[in-house]
Amino acid sequence: MKTRAMVTRDWEVPMTLEELELEDPKEGEVLVKVAHTGVCHSDLSAWKGIYGLDVLPFVLGHECAGVVAEVGPGVTHVEVGDHVVSCWQAPCGKCEMCVSGKTHGCDNLLTDLGTGKLQDGTARFTDANGETVNHALYVSGFSEYIVSPGIAAVKIPKELPLDQACLLGCAVGTGWGAARRSANVQTGESVAVWGMGGIGLSVIQGARLAGANPIIAVDVEGSKKEIAMEMGATHFINSSEQDPVPIIREELTGGLGVQYVFEAIGDPGAYIQSFFTLRNGGRMMAIGIPSTDDMVSLPFFMIPFQANTIEGVLYGSLRHQVDIPRLADLALKGDLKLDKMISKHIKLEDVNDAFEAMEKHEIIGRWVIDF
């Protein structure tokens, strides 16, 4: 079948809107008619080539929701007409991590994700010249139709608007999961979050739902204060004007520091800055993904003496087939403010403009593509 998609053909070169040929789903796969796709900062980073992947040309976009149009042999958990969130993880279900319930850390996941192919080692897109066009993170949501592993498609209630539902696939799933699954924040515990993009705002929401206090939002853009407070932050620090370390340590936590810091940017400076706000026994949750060349220098002398922990967070330790339907229910009840996170709706061909706005720090919340 034919599908329109934005294709990345070279690093940091504007994507081109092309008509591609998309193969039918194979065994264990689904065909989804995409309704909405959120534009994530990870898409921008991948387009710039900072992850060192050899996948050109390929179709980006990994935060999408839509309607199942066809199912391949062996797929029984969804059927044609179901509303689904398409996740960027497709755990194998067989490795040690998967069978122990830690599907987010599937031993085969990162190897597969870096190839630009689906689980059988092939791609489903071809261009007008018959050449292969690769996938991104099993999803490729900058396309009208996608084929993805069936395990990556999560059924959600049809009552939840799909433009809100798409956020569950990455930003909300990762951020909420970082607070509730990875860190397991408890009532009354102190939290600071660096970066008020989609993931950072979702960490704030997860901490709010856990009853954390204080919940401190940190960002270089003062314009993000309003949305951070809307999501549940108790304090906001504009780090381009103030040093957040003494404010957090002395003014907001009585000289102790916070129990949890979440770095949701992937910036080495933010990693260092956030580390110095940890209290004894505090945990740094590293969510943001820096460039493969970035190095962070931390005073490891302090880590054993303060009994600190630095923990990598992948996809918020999410159990996607279990957690995403629960998050959808929270959204329907109004506990998750998905509608407030969406600041602009755009067309597929406007994705290059979204990347430009993102680089200029002009995006508040999420821009969402409407198909």
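Just above, that's the structure.
Okay, so let's go over this structure. Because the structure is predicted, anything quoted here is derived from the model rather than measured.

Description of the pattern of salt bridges
Right, so step 1: Inspection of every chain in the model, using the stated rule, returns 16 salt bridges.
Right, so step 2: The partner of Glu18 in a salt bridge is Arg9, and the shortest N-O contact between them spans 2.8 Å.
Right, so step 3: Given a relative accessible area of 18%, Glu18 falls into the buried group.
Right, so step 4: Taking relative accessible area as the criterion, Arg9 reaches 37% and is therefore assigned partly exposed.

Concerning the nonpolar core
Right, so step 1: One finds Leu60, Phe142, Leu168, Phe262, Ile324 and Phe355 to be the most contacted residues of the largest nonpolar core, which totals 107 residues.
Right, so step 2: Per-element tally for this core: the top contributor is helix H6 (residues 198–210), with six residues.
Right, so step 3: Here Phe262 is in contact with Ala178, Ala179, Ala183, Val185, Val191, Ala192, Val193, Trp194, Val203, Met285 and Ile287, once residues within four sequence places are set aside.
Right, so step 4: Counting 18 residues, the second-largest nonpolar core is a separate cluster that includes Val218, Phe275, Met284 and Leu298.

Quick notes on the pairing of strand E2 (residues 16–22)
Right, so step 1: Bridge count for strand E1 (residues 2–8) against E2 is six bridges, and the pairing is antiparallel. Paired with Val7 across the strands is Thr16, a residue of E2.
Right, so step 2: Pairing of E2 with strand E7 (residues 125–126), which is carried by two bridges, proceeds in the antiparallel orientation. The residue of E7 that forms the bridge with Glu21 is Thr126.

Conventions used here
- Residues numbered from 1 in each chain as written.
- Predicted model: local features only at pLDDT ≥ 70, side-chain atom pairs only at ≥ 80, totals over all residues.
- Heavy atoms only, no water.
- Salt bridge = Lys/Arg side-chain N within 4 Å of Asp/Glu carboxyl O.
- Buried < 20%, exposed > 50% of the residue type's maximum accessible area, 1.4 Å probe, protein only.
- Core = buried A, V, L, I, M, F, W, Y, C linked by side-chain atoms within 4.5 Å.
- Helix = DSSP H or I, 4+ residues; strand = E, 2+ residues; numbered from the N terminus.
- Contact = heavy atoms within 4.5 Å.
- Pairing = 2+ DSSP bridges.

Any link to function would need more than the numbers given here.
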